[in-house]
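An overview of the molecular structure
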Amino acid sequence: SQWGEENLQALSIQEGEDVTMNCSYKTYTTVVHWYRQDSGRGPALIILIRSNEREKRSGRLRATLDTSSQSSSLSITAAQCEDTAVYFCATDARGGRALIFGTGTTVSVSP
Amino acid sequence: NAGVIQTPRHKVTGKGQEATLWCEPISGHSAVFWYRQTIVQGLEFLTYFRNQAPIDDSGMPKERFSAQMPNQSHSTLKIQSTQPQDSAVYLCASSLDMGSNERLFFGHGTKLSVL
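Quantities reported herein were computed from a predicted structural model and do not represent experimental measurements.

What counts as what
Residues numbered from 1 in each chain as written. Chains lettered and ligands numbered in written order. Predicted model: local features only at pLDDT ≥ 70, side-chain atom pairs only at ≥ 80, totals over all residues. Heavy atoms only, no water. Pairing = 2+ DSSP bridges. Helix = DSSP H or I, 4+ residues; strand = E, 2+ residues; numbered from the N terminus. Axes fitted to C-alpha atoms, helices over the stretch in contact; angles between N-to-C directions. Phe/Tyr/Trp six-rings, centres within 6.5 Å; stacked < 30°, edge-to-face > 60°. Contact = heavy atoms within 4.5 Å. Buried area = accessible area lost by both parts, 1.4 Å probe. Salt bridge = Lys/Arg side-chain N within 4 Å of Asp/Glu carboxyl O. Polar contact = N/O pair within 3.5 Å; in protein donor to acceptor, adjacent residues only side chain to side chain. Nonpolar A, V, L, I, M, F, W, Y, C, P; charged D, E, K, R; others polar. Buried < 20%, exposed > 50% of the residue type's maximum accessible area, 1.4 Å probe, protein only. Core = buried A, V, L, I, M, F, W, Y, C linked by side-chain atoms within 4.5 Å.

**A look at the sheet that holds strand β1 (residues 5-7) of chain B**
All names here are of chain B. Taken in spatial order, the four strands of this open sheet run β1-β3-β8-β7, and their pairing is antiparallel. Of all strands in the sheet, those bounded by a partner on one side alone are β1 and β7 (65-71). When strand polarity is set aside, the average angle formed by the axes of neighbouring strands in this sheet is 20°.

**Here's the deal with the packing of aromatic side chains**
The geometry of two aromatic rings is summed up by the distance between their centres and the angle between their planes. Applying the stated rule across the entire model yields nine aromatic pairs over all chains. Plain terms: the ring middles of F45 of chain B and Y48 of chain B are 6.2 Å apart, the flat faces sit at 55° to each other, and that makes the pair tilted. One aromatic cluster is present, built from ring pairs that chain together Y35, F88 and F101 of chain A together with F33, Y35, F45, Y48 and F106 of chain B.

**Digging into the interface of chain B and chain A**
Listed as interface residues are 20 residues of chain B and, on the opposing side, 21 residues of chain A. Between chain B and chain A the total buried area reaches about 1,700 Å² when both faces are included, carbon and sulfur atoms providing 51% of it. By the criterion of area lost to chain A, the three top residues of chain B are L43, S100 and N101 of chain B, representing 31% of everything that side buries. One can count zero salt bridges joining chain B with chain A. Along the contact surface separating chain B from chain A lie five residue pairs in polar contact (both at pLDDT 80 or more). Residue assignment for the side of chain B that touches chain A shows that the elements contributing at least two residues are β4 (31-38), β5 (42-50) and β6 (53-56) of chain B. In terms of residue class, the side of chain B that touches chain A is built from ten nonpolar, six polar and four charged.

**Details of the pairing of strand β9 (residues 88-95) of chain B**
Residue and element names in this part refer to chain B. Most of β9 sits out of view: seven of its eight residues are buried. Two strands pair when backbone bridges link them, and β4 and β9 are joined in this way by seven bridges, in the antiparallel orientation. What sits directly across from F33, in β9, is A93. Direction of pairing for β9 relative to strand β11 (residues 110-114): antiparallel, over a ladder of three bridges. Of the residues in β11, the one forming a bridge with Y90 is T110.

**A word on unusual backbone geometry**
For the peptide bond that leads from T7 of chain B to P8 of chain B, omega is -10°, which places it in the cis range. Considering the arrangement of structural elements, one finds P8 of chain B in the loop between β1 and β2 (10-13). Unlike most non-glycine residues, A78 of chain A shows phi in positive territory, near 50°. Structurally, A78 of chain A can be placed in the loop between β8 (71-76) and β9 (85-91). For A78 of chain A, a relative accessible area of 27% puts it in the partly exposed group. Of note, R64 of chain B is a non-glycine position whose phi angle comes to about 75°, a positive value. Within the fold, R64 of chain B resides in the loop between β6 and β7. In this structure R64 of chain B comes out as partly exposed when scored by relative accessible area, which is 25%.

**Description of the nonpolar core**
All names here are of chain A. Judged by nonpolar contacts, the single largest core of 21 residues is most densely connected at M21, V32, W34, I47, L74, I76 and Y87. Broken down by secondary-structure element, the contributors of at least two residues to this core are β2 (10-14), β3 (19-25), β4 (31-37), β5 (44-50), β7 (61-66), β8, β9 and β11 (105-110). Take this core: its biggest share by element is four residues, from β3. Those residues in contact with I47 that lie beyond four places of it in its chain are V32, H33, W34, K56, R57, S58, L61, A63 and L74.

**Points about the pattern of salt bridges**
The tally for this structure, following the rule as stated, stands at seven salt bridges over all chains. D83 of chain A is the partner of R60 of chain A in a salt bridge, and the nearest nitrogen-oxygen pair spans 2.9 Å. Within this pair, whereas R60 of chain A is found in the loop between β6 (55-58) and β7, its partner D83 of chain A is found in the loop between β8 and β9, the two being separated by 23 residues in sequence. Note that E44 of chain B is salt-bridged to R36 of chain B, the shortest N-O span being 3.2 Å. Overall, the relative accessible area of 23% leaves E44 of chain B in the partly exposed class. Residue classification places R36 of chain B among the buried positions, given a relative accessible area of 12%. When salt bridges that share partners are traced, they join E55, R57 and R62 of chain A into one network.

Structure below.
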């Protein structure tokens, strides 16, 4: 799909480690959303980064955006077990229309 | 604020039956979205409304699927003659307004199982 975004499928780490997941998008966007989804629940926004922000931080989360390569990354520092979830990037690929979500990255953090 | 409410949480239908899924958006939110989630296809956009008016239904299957928003407090997604491939989690979301920066608030979803 011309609107598609991509993520790594699954990452397994231990508590205390850092983890980074990447997202490549195919069409121009001015903002990238990152959502996390816990089992049995709907996705929830965790961080949003705009095209004029190369980096955005929120607690242990760090998002980057490179508009030239049309890619974004999400990093979690010192991961905890409660960070176990599926993480999605999403872009407004059609200019002011509905968000289109990537395939998601499953992050599993073990004690 | 109870968030976006979706009912039922689980629905089981037989092949060929009709299924109606309900969504109550957050009060004051003007945009309502429907997505479908499966292991294979991931999170797929179906349709959305703004101020109750249908804006974009480009993700909706052309046959058997329809969505309505008769008032600002609820939206429905109806699937006629359900097929096994319709089995999925259907997610409703709302946002304060439309726009690239608007945060989506999702409900827990309705898990539809077509036998």
